[in-house]
Amino acid sequence: MEHNYSSPIVVKYGGSALSGVGSALSGGESASFVIPSVGSAATVVEGPDPILAEAVALHQGGTAVVLVHGGGPEIDRWLAERNVPTRRVDGLRVTDDATLEVTEAVLCATINKRLVRACSALGARAVGISGEDANTLVAQRAHGSHGEDLGYVGEVMACDPALINLLLAAKYLPVIAPLAVAPDDSHAYNVNADIAAAAIAGALHARAFIMITNVERVRRDPKDPHSGIDRLSLDEARAFIQTPACEGGMLPKMQAAITAIESGASASYICGTHSIAATLAGNATIISPAPY
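One non-glycine residue, lysine 171, adopts positive backbone phi at about 70 degrees. Note that lysine 171 resides in the loop between helix H4 (162-169) and strand E9 (173-177). On the basis of relative accessibility, which here comes to 41%, the residue lysine 171 falls in the partly exposed class. Positive phi values are uncommon outside glycine, yet aspartate 185 reaches one of about 60 degrees. Relative to the helices and strands, aspartate 185 resides in the loop between strand E10 (179-181) and strand E11 (188-190).

Here it is in C-alpha cells:
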C-alpha cells in the first residue's frame, strides 16, 4: 500500500474522554493523537478504546499516526505519594525541581511506555519519545497572567518536526510526551499537552487538528447542549474566546485550536468521543482560517 505523510491530522484525546481507557492508561490521563492522513476514509474499529484502536487501524492502513499524551492525574498521585505539594496558577502546575523530576519520570517512562505497549498490542510499530528528543519542542519559561513565577513550565517557542517525519517515513507510530527543552539544552520544561499537540500540528502543516472532549461541540451557551456551534472562522474563534461563553476547560482547547491554525494547520475540530472518521465528516465544531 502506498503511504503519504504530507497531510497530517492531529487528534487531541484526553481529559474526561479518557476516563475509562484502562487498557491504555490508568487514572484518566489525557492523550493526543496526531494523525497524518492518506486521504481515504477510515474504518471505525472496535477495541479496548475505540479512538485508540481507530488511530492504530489508520496507521496500519497507510495513514501515519503520531500520539501526543499528557498525564496530570498520575503526576498528582506520584507527587502526593512523595509529599511534594502541588500548586497551580491559571490552571498550570507550578513546577519546581522536585516536581519536574517526577513529571519527567511519569510522562517519559510510565505513561509514555504504557501507551507504546497499548499501541503495540493493537498491532502498531510504536516508538516512544518526548519533545526533548532532537529538540522537537523548544520552550522558554512561562509566567502566570499576573507575572507569577511558574518554575519549569514552558511556553513553546519552536517545533522542529524532523524526528517525527523521520519516524513516520519509516512507518513507525511515534508516541510523544509533552516535554520541551530550553534553548540552551540546560533543562526540560513541562508543557501543557494541548499546547504541545497544537505546536506539532502546526509544524506538520496538519490538514486537521482534532480535539476530543466530553461535549459534542463548542456551545454558545455552556449550559445548553442544543447550542452547539458547527463552524467558526479563525476571526470568529478569536472573538468567541473573549466572551463569557468560552469558559473552564473549553478556553484552553479553543486557544490550542487557534494556535494550531496560526502556526500552519489547515483546520481544527472540537468534538465528542465518537470516531475520528465521523469528526472529519463534520460531526464537530470546525474552526478554519476563513468563513465557509
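Back to the text.
Turning to the confidence of the model for the chain, a few remarks are in order. Looking at the chain as a whole, the pLDDT averages 85, with 86% of positions reaching at least 70. Put simply, strand E2 (residues 31-36) is where the chain has its lowest mean pLDDT, 57, and E10 is where it has its highest, 98. A low-confidence stretch, residues 15-24 (pLDDT under 50), is modelled with 22 contacts involving residues beyond four sequence positions or located in other chains. Contacts for the low-pLDDT stretch residues 37-47, under 50 throughout, to residues beyond four places or in other chains number 23 contacts.

What the rule picks out here adds up to zero aromatic pairs. Sitting over the ring of tyrosine 172, arginine 125 keeps its end group 4.1 Å from the ring centre. Note that arginine 141 overlies the ring of tyrosine 152, its terminal NZ or CZ placed 5.4 Å from the centroid.

Core analysis: the biggest nonpolar cluster contains 37 residues, and Cys119, Leu173, Val175, Ile210, Ile212, Tyr269 and Ile276 have the highest contact counts within it. If you list the elements that add at least two residues to this core, you get strand E1 (8-13), helix H1 (50-60), helix H2 (72-81), helix H3 (97-121), E9, strand E12 (208-212) and strand E14 (268-271). In terms of residue count, H3 provides more of this core than any other element does, eight residues in total. In this structure isoleucine 210 touches Ile9, Val10, Val11, Lys12, Tyr269, Cys271, Ile276, Thr279 and Leu280, once residues within four positions along its chain are discounted.

It is worth spelling out the environment of proline 8 at this point. Along the chain, proline 8 falls in strand E1. Among the residues examined, proline 8 registers a relative accessible area of 1% and is labelled buried. It is 7.6 Å that separates the C-alpha atoms of proline 8 and alanine 64, two residues lying 56 residues apart in sequence.

Moving on to the pattern of salt bridges. Under the definition given, this model contains 10 salt bridges. As a salt-bridge pair, glutamate 74 and arginine 77 come within 3.4 Å of each other at their nearest N and O atoms. In this pair, glutamate 74 and arginine 77 are both assigned in helix H2, three residues apart and thus about one turn of the helix distant. Arginine 114 is the salt-bridge partner of glutamate 74, the closest N and O atoms lying 3.1 Å from each other.

For helix H7 (residues 250-262), spanning 13 residues, the distance from its first C-alpha to its last is 18 Å, which sits close to the expected 18 Å at 1.5 Å a residue. Those residues of H7 that sit buried are Met250, Lys253, Met254, Ala256, Ala257, Ile258, Ala260 and Ile261. Contact partners of the buried residues in H7: helix H5 (193-203), E12, strand E13 (231-233), helix H6 (234-240), E14 and strand E15 (285-288). Just downstream of H7 lies glycine 264, where phi reads positive at about 135 degrees.

How each quantity is defined
Residues numbered from 1 in each chain as written. Predicted model: local features only at pLDDT ≥ 70, side-chain atom pairs only at ≥ 80, totals over all residues. Heavy atoms only, no water. Helix = DSSP H or I, 4+ residues; strand = E, 2+ residues; numbered from the N terminus. Buried < 20%, exposed > 50% of the residue type's maximum accessible area, 1.4 Å probe, protein only. pLDDT = per-residue confidence, 0-100. Contact = heavy atoms within 4.5 Å. Phe/Tyr/Trp six-rings, centres within 6.5 Å; stacked < 30°, edge-to-face > 60°. Lys NZ or Arg CZ within 6 Å of the ring centre and 35° of its normal. Core = buried A, V, L, I, M, F, W, Y, C linked by side-chain atoms within 4.5 Å. Salt bridge = Lys/Arg side-chain N within 4 Å of Asp/Glu carboxyl O. Expected span 1.5 Å × (residues − 1).

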